[in-house]
Amino acid sequence: MKNKHKKLDAWIKSMAAMCKPDRMVWITGSDEEKERLQKEAFATGELIPLNQKKLPGCVYHRTAENDVARTENLTFICTSKKRDAGPTNNWMTPSQGYAKAGAIFKNSMQGRTMYVIPFSMGPVGSPFSKIGVELTDSIYVVLNMRIMTHVGTEVLKHLGSNGVFTKCLHGKAERDINRRLILHFPEDNAIWSVGSGYGGNVLLGKKCMALRIASYIGRQENWMAEHMLIMGVEKPNGHIHYLAAAFPSACGKTNLAMLVPPQGLRTKGYKIWTVGDDISWMRIDSDGALWAINPETGFFGVAPGTNSQTNPNAVKTAKQNTIFTNVLLKPDKTVWWEDGDGPTPSQGMDWRGRPWNPKMVDEQGKPVKGAQANSRFTSPIKQCPTSSFRLEHHHGVPISAIIFGGWRASLAPLVYQAFSWPHGVYTGATMASERTAAQYGKQGEVRRDPMAMLPFCGYNMGDYFKHWLKMGSSMTRPPEIFHVNWFRTDKNGEFLWPGYGENLRVLEWIIDRCEHTAEAEKTPIGYIPTQRSLDMTGLQLPPEKITQLLSINKQEWKNELDDQEMFFSRFGKDLPAELREELSALRERLNNSR
Ligand code: GTP
Ligand code: SPV
Ligand code: MN
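Residues numbered from 1 in each chain as written. Chains lettered and ligands numbered in written order. Predicted model: local features only at pLDDT ≥ 70, side-chain atom pairs only at ≥ 80, totals over all residues. Heavy atoms only, no water.

Student: Before we go on, may I ask you to explain the sheet that holds strand S18 (residues 298-302) in this structure?
Tutor: Backbone-to-backbone hydrogen bonds pair the strands of a sheet. The strands run either parallel or antiparallel. With respect to topology, five strands assemble into an open sheet ordered S2-S3-S19-S24-S18, the strand pairing being mixed. Either end of the sheet is taken by a strand with one partner, and the two such strands are strand S2 (48-49) and S18. For S18 and strand S24 (residues 376-380), the ladder comprises five bridges, and the chain directions are antiparallel. If you follow Gly298 over to S24, its bridge partner there is Pro380. (Pairing = 2+ DSSP bridges. Helix = DSSP H or I, 4+ residues; strand = E, 2+ residues; numbered from the N terminus.)

Structural data, given as structure tokens:
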């Protein structure tokens, strides 16, 4: 198809004049195209074919050793005024950004092909959807984008001769960490990413457009772009409640979105429908309620820890047409990762491309991992056994409840419900996560991650909180807001809650609260379940553990409020007064409680 869009044409020409690719190829989205690009990438070693009997349609990729995760310190919001990026983002001016990245892009595609990917975040033509065009010199990026979004001719046709699109430029350049920049120009609706070949840095439809740029646009157009899973919980009577949940990266969104009901609740008749595992775009519809779509069509899920026990639906999803990145490659050309399925292989090639066996140790005597800790699989959502029949629905799904959650070894009870929308916004704004020494950071170290959006909010987070408050007051039927914590531990550091499928017991309470049928106790921090309001059929959990899971330690909460106050002070006068008031009101409730 010929491109009739003059602005698109002019932009592509000027980007090509800077990067100087030898060739230009338009991505159509056809099956033939996938075969052709894969073959080309096999020839250069960019991709490795996998065992087509055992893993039909699957391929393997390794990124550079210094290029295995998003690089937040190299990620910038480039606005004319520093204030508009706010205290939580790295900032430079647009002209600085274009000059710095432009110097790296210059001539960087000589000898390479520039692929032009027209893509739609959201079903093509839905009132929710936004179009982008990504220029990239990476076949790996093209093949991932084909799974993660709607791409090709259909999108270009919809864009017509005058449609609005996000200008996304990506170049691998030398993949030198000192010449890597991930830049967002919200005032120009543009993204420039150079020097990386990994995930969120380069699949520009995902974090860069669907969160950072979209959050900026959403504020202007009165909608929300959030780091949230979306799932449907079908009740025994057939009614489906849709829930949206924001947990920080690697805190269980993919797992919850594909949950398998435990026996006790399955026999009652509960079913789960997966709508999305990472991003949610939400709008107020004419019924006064909040409706959501998942703008993506694929999962980019964490591999380590994914197995038939923890997430059987993810395992089934990734059995075909999947791109595996940075996992272990076995001699029979299948893949493996730590805490995955099957016995530990006796040998293989690790994510760095070196011979590996399970006895290997590093200089510190620690076992050498076969798969990189952030290794991932890219798979179509449609292959998920629980994928929702409403995925392509142009109006999305109505959201009954918004759930915030973090990884908190202490403090936060298993679940609580906010008293009101503003109280819920405060709950999201003060969200935090801590990890144990085995993961990252110091043990018990708390990182504040409001709405799980700290790395993804494309503008001043103080304004973002105001936008949340405004959205609530614009709805006649706002969702209820909850906070969950699957990660509370006992004094021996053991998880108090079994998690995974058992989390449905908490979701059931949440849904029943939305229907005003579940009991709750009013506490200073919110409503928490009474012991008998949680259905524990088939789960042997001693009552004292449940008491511990639901307990609130006044002193710990007072310390928490001091820390929250320090965090809030970073926003100065940009922090909405309502949030300060919620904090003082909570302090007062704690002081007045027994
Ligand atoms: P991103 O893709 O990075 O945005 O992350 P995500 O939120 O989708 O993360 P994911 O679901 O991959 O999180 C995985 C981590 O959470 C693994 O360490 C899991 O074992 C752990 N996890 C998930 N659900 C539970 C749970 O209910 N209980 C416990 N204890 N751990 C869980
Ligand atoms: C995250 O880090 O929250 C992800 C993975 O979902 S990435 O797309 O690489 O950002
Ligand atoms: Mn994510």
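We are not done yet, so read on.
Student: Help me understand the layout of surface pockets, please; the structure alone is not making it clear to me.
Tutor: Rolled over the atoms, a probe with the dimensions of a water molecule shows which regions are left empty. The volume enclosed by the second largest pocket comes to roughly 520 Å³. Arg146, Ile147, Thr149, Thr297 and Pro380 are, among the 28 residues lining the second largest pocket, the residues nearest its centre. When contributions to the lining of the second largest pocket are tallied by element, the ones reaching two or more residues are helix H2 (31-44), helix H5 (139-148) and strand S8 (150-151). Broken down by class, the residue content of the lining of the second largest pocket amounts to ten nonpolar, eleven polar and seven charged. Three or more residues apiece are contributed to the lining of the second largest pocket by two domains, here domain 1 (6-46 + 73-221) and domain 2 (226-297 + 389-551). (1 Å grid on protein atoms, 1.4 Å probe; cavity = no way out; pocket = protein on both sides within 12 Å on 5 of 7 lines; lining within 4 Å. Points joined across faces, edges and corners; volume = space filled by probe spheres on them. Nonpolar A, V, L, I, M, F, W, Y, C, P; charged D, E, K, R; others polar. Domains from an automatic or database assignment.)

Student: Any chance you could explain the site of ligand 2 here in plain terms?
Tutor: Around ligand 2 sit Arg70, Tyr198, Gly199, Gly200, Lys206, Lys207, His227, Ser249, Asp278, Phe300, Arg376 and Phe456, and that is every residue in its neighbourhood. Within the side chain of His227, one N or O atom sits 3.4 Å away from an oxygen atom of ligand 2. Between ligand 2 and the protein, one listed contact pairs an oxygen atom with a side-chain N or O atom of Ser249 at 2.6 Å. Counting only elements with at least two residues in the shell around ligand 2, the list comes to helix H7 (199-202) and helix H8 (205-221). Of the residues assigned to the shell around ligand 2, the class counts are three nonpolar, four polar and five charged. (Near = heavy atom within 4 Å. Polar contact = N/O pair within 3.5 Å; in protein donor to acceptor, adjacent residues only side chain to side chain.)

Student: Where do I start with the environment of Glu502 in this structure?
Tutor: Within the element layout of this structure, Glu502 appears in the loop between strand S29 (480-484) and helix H14 (504-514). Take Glu502: its relative accessible area is 17%, and that puts it in the buried class. Separated by 69 residues in sequence, Glu502 and Ser433 place their C-alpha atoms 21 Å apart. Excluding residues within four positions of it along the chain, Glu502 makes contact with Pro262, Trp497 and Leu539. (Buried < 20%, exposed > 50% of the residue type's maximum accessible area, 1.4 Å probe, protein only. Contact = heavy atoms within 4.5 Å.)

Student: How should the coordination of the manganese ion (ligand 3) be read in this particular structure?
Tutor: Within the protein, the manganese ion (ligand 3) binds to Lys207 (NZ), His227 (NE2) and Asp278 (OD); these donor distances fall in the range 2.1 to 2.3 Å. If you look at the manganese ion (ligand 3), its six donor atoms make angles of 74 to 173° with each other, and the shape they trace is octahedral. Here the donor residues of the manganese ion (ligand 3) share one chain and are spaced in sequence as K-x19-H-x50-D. Of this pair, His227 sits in the loop between strand S12 (224-226) and strand S13 (229-234) while Asp278 sits in the loop between strand S15 (271-276) and strand S16 (280-284), and the two are 51 residues apart along the sequence. Across this residue pair, the class does not change: His227 and Asp278 are buried. (Donors = N, O, S within 2.8 Å, 3.2 Å for Na, K, Ca; no water. Tetrahedral: all angles 85-135°; square planar, octahedral: opposite > 155°, others 65-115°.)

Student: It is not clear to me how the site of ligand 1 should be interpreted in this structure. Could you clarify?
Tutor: In the region of ligand 1, 18 residues are neighbours, and Ala250, Lys253, Thr254, Arg376 and Tyr500 sit closest. At a separation of 3.4 Å, an oxygen atom of ligand 1 approaches a polar backbone atom of Cys251. Here an oxygen atom of ligand 1 and a side-chain polar atom of Arg376 are 2.9 Å apart. Summarising the interface, the protein chains cover 89% of the accessible area of ligand 1, which totals 670 Å² for the free molecule. Tallying contributions element by element places helix H9 (residues 253-257) first for the shell around ligand 1, with three residues. Counted by class, the shell around ligand 1 contains eight nonpolar, seven polar and three charged residues. (Areas by Shrake-Rupley, 256 points an atom, 1.4 Å probe, with all protein chains shown as cover.)

Student: What should I look at first to understand the pairing of S29 in this one?
Tutor: A regular strand carries its side chains on alternate faces of the sheet. Counting buried positions along S29 gives four out of five residues, so the element sits mostly inside the fold. Two elements, strand S25 (residues 397-405) and S29, share five bridges in a ladder whose sense is parallel. Residue Phe404 lies in a different strand from S29, and its bridge partner there is His483. In terms of strand pairing, strand S26 (residues 415-417) meets S29 through three bridges, oriented antiparallel. Bridge pairing in S29 links Val415 to Val484.

Student: What exactly am I supposed to notice about empty space enclosed by the protein here?
Tutor: By the definition in use, this model includes three cavities of 30 Å³ or more. Roughly 130 Å³ of internal volume is contained in the largest cavity. Counting residues per element, the ones that place at least two in the lining of the largest cavity are helix H12 (421-429) and helix H16 (554-569). By residue class, the composition of the lining of the largest cavity is nine nonpolar, five polar and two charged. In this structure, the second largest cavity encloses a volume near 40 Å³. Among the residues forming the lining of the second largest cavity, the class breakdown is five nonpolar, three polar and one charged.

Student: Before we go on, may I ask you to explain helix H15 (residues 543-550) in this structure?
Tutor: Where H15 is concerned, the buried positions are Ile546, Leu549 and Leu550. When H15 is viewed along its axis, its buried side chains cluster within an angular range of 90° and face the same direction. Here the buried face of H15 lies against strand S31 (526-529). (Arc of directions from axis to C-beta.)

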